[in-house]
Amino acid sequence: MDNKSPDAFRTISEVAEDLDIPQHVLRFWETRFSQIKPLKRGGGRRYYRPDDVALLKGIRRLLYGEGYTIKGLQRILKEQGPRYVQAIGRGAEIVGGNAAAQPPAAAHLAPSRAEPMPASQPVQHHHAAAMEPGFAAKALLSSLPRAAQPLVGADDLAFLKATLSELIECRRLLHGALAGAAVGEDG
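Here the structure is a predicted model, which is why all the values come from computation and not from measurement.

K.L.:
Any chance you could explain the overall build of the protein chain here in plain terms?
P.N.:
Helix and strand counts for the protein chain stand at 7 helices and 3 strands. Each helix (α) and strand (β) of the protein chain, taken in turn from the N terminus, gives the series β-α-α-β-β-α-α-α-α-α. Out of the 187 residues in the protein chain, the part that is buried amounts to 29%. Expressed as a percentage of contacts within the protein chain between residues at least 6 apart in sequence, the contacts between residues at least 24 apart total 62%. Summing over all exposed atoms, the protein chain offers an accessible surface of approximately 11600 Å²; the carbon and sulfur share of this is 56%.

K.L.:
How do you make sense of the nonpolar core when you look at a structure like this?
P.N.:
If you look at soluble globular proteins, the nonpolar side chains tend to sit buried side by side. By size, the foremost hydrophobic cluster in this structure holds 25 residues, and its most contacted members are Leu26, Trp29, Ile59, Leu73 and Val85. Secondary structure elements with two or more residues in this core: α1 (12-19), α2 (23-32), α3 (50-65), α4 (70-80) and α5 (82-89). Looking at this core element by element, the count peaks at 6 residues for α3.

K.L.:
Would you take a moment to explain the side chain of Arg46 for this structure?
P.N.:
The topology assignment puts Arg46 in strand β3 (residues 46-48). Reaching out from Arg46, the side chain makes a polar contact with the side chain of Glu30 at a distance of 2.7 Å. Sequence-distant contacts of Arg46, that is, excluding residues within four places in its chain, are made with Arg10, Thr11, Ile12, Arg27, Glu30, Pro38, Leu39 and Lys40.

K.L.:
For this particular structure, what's the right way to read α3?
P.N.:
Each α-helix turn comprises 3.6 residues. Residues three or four places apart therefore point the same way. Spanning 16 residues, α3 covers 21 Å between terminal C-alpha atoms, matching the ideal 22 Å at 1.5 Å per step. Taken together, the buried positions of α3 are Asp52, Val53, Ala54, Leu55, Leu56, Gly58, Ile59, Leu62 and Leu63. On its buried side, α3 packs onto β1 (10-11), α1, α2, β3, α4 and α5. Among the residues trailing α3, Gly67 stands out with phi positive, at a value near 80°.

K.L.:
Just to check I follow, could you spell out the packing of α1 against α3 for this structure?
P.N.:
Geometry of a packed helix pair, given as the angle between the helix axes and the separation of the axes. Interhelical geometry of α1 versus α3 gives an angle of 35° and a closest axis separation of 11 Å. Of the two elements, α1 crosses α3, and the hand of that crossing is right-handed. In this structure, α1 contributes Val15, Asp18 and Leu19 to the contact, and α3 contributes Val53, Leu56, Lys57 and Arg60.

K.L.:
How should I be thinking about α1 in this particular structure?
P.N.:
Among all positions of α1, only Ile12, Glu14, Val15, Ala16 and Leu19 are buried. Here the buried face of α1 lies against β1, α2, β3 and α3. Two residues or fewer past α1, Asp20 is found with a positive phi of approximately 60°.

Parameters at a glance
- Residues numbered from 1 in each chain as written.
- Predicted model: local features only at pLDDT ≥ 70, side-chain atom pairs only at ≥ 80, totals over all residues.
- Heavy atoms only, no water.
- Helix = DSSP H or I, 4+ residues; strand = E, 2+ residues; numbered from the N terminus.
- Buried < 20%, exposed > 50% of the residue type's maximum accessible area, 1.4 Å probe, protein only.
- Contact = heavy atoms within 4.5 Å.
- Areas by Shrake-Rupley, 256 points an atom, 1.4 Å probe, with all protein chains shown as cover.
- Core = buried A, V, L, I, M, F, W, Y, C linked by side-chain atoms within 4.5 Å.
- Polar contact = N/O pair within 3.5 Å; in protein donor to acceptor, adjacent residues only side chain to side chain.
- Expected span 1.5 Å × (residues − 1).
- Axes fitted to C-alpha atoms, helices over the stretch in contact; angles between N-to-C directions.
- Left-handed = near helix turned anticlockwise from the far one by under 90°.

Structural data, given as structure tokens:
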């Protein structure tokens, strides 16, 4: 791929290799993100323009690197537009409006031990996607080097999401109990 001009069209195999994802994922993303529109030639061969590749890089970064869900990313594309996601694919910082930067991975799961969170204050998240089950697990997994990332099937992912939801509820209950105990000691 290095031999091609930056303005040259890329085949699906070249883009898949560049993004380090399987080709079927690119085809799946076409069904979920209407903004992905590669040129299709005879036999259904796909050719991606430079803007298409930048959009795909942005989608990959937001899904895998930042932990967004498909639904959350669809909302970003609708609200911010494909140029915003293309800029992210070209290395721009993630900033602005409703698509603000994500909180650090799992930061919303473990409060500082020096400052317990009062039960009367809800957890503040930078983005609605952070509230979705599986957000922290995806963010943590995506932060691992590719060789260390486990292969997670649909059943495993469903189990992890359910477990994460239970842990979040346990955390909420613990904070309530700790706040109640602190009030009891003071009174």
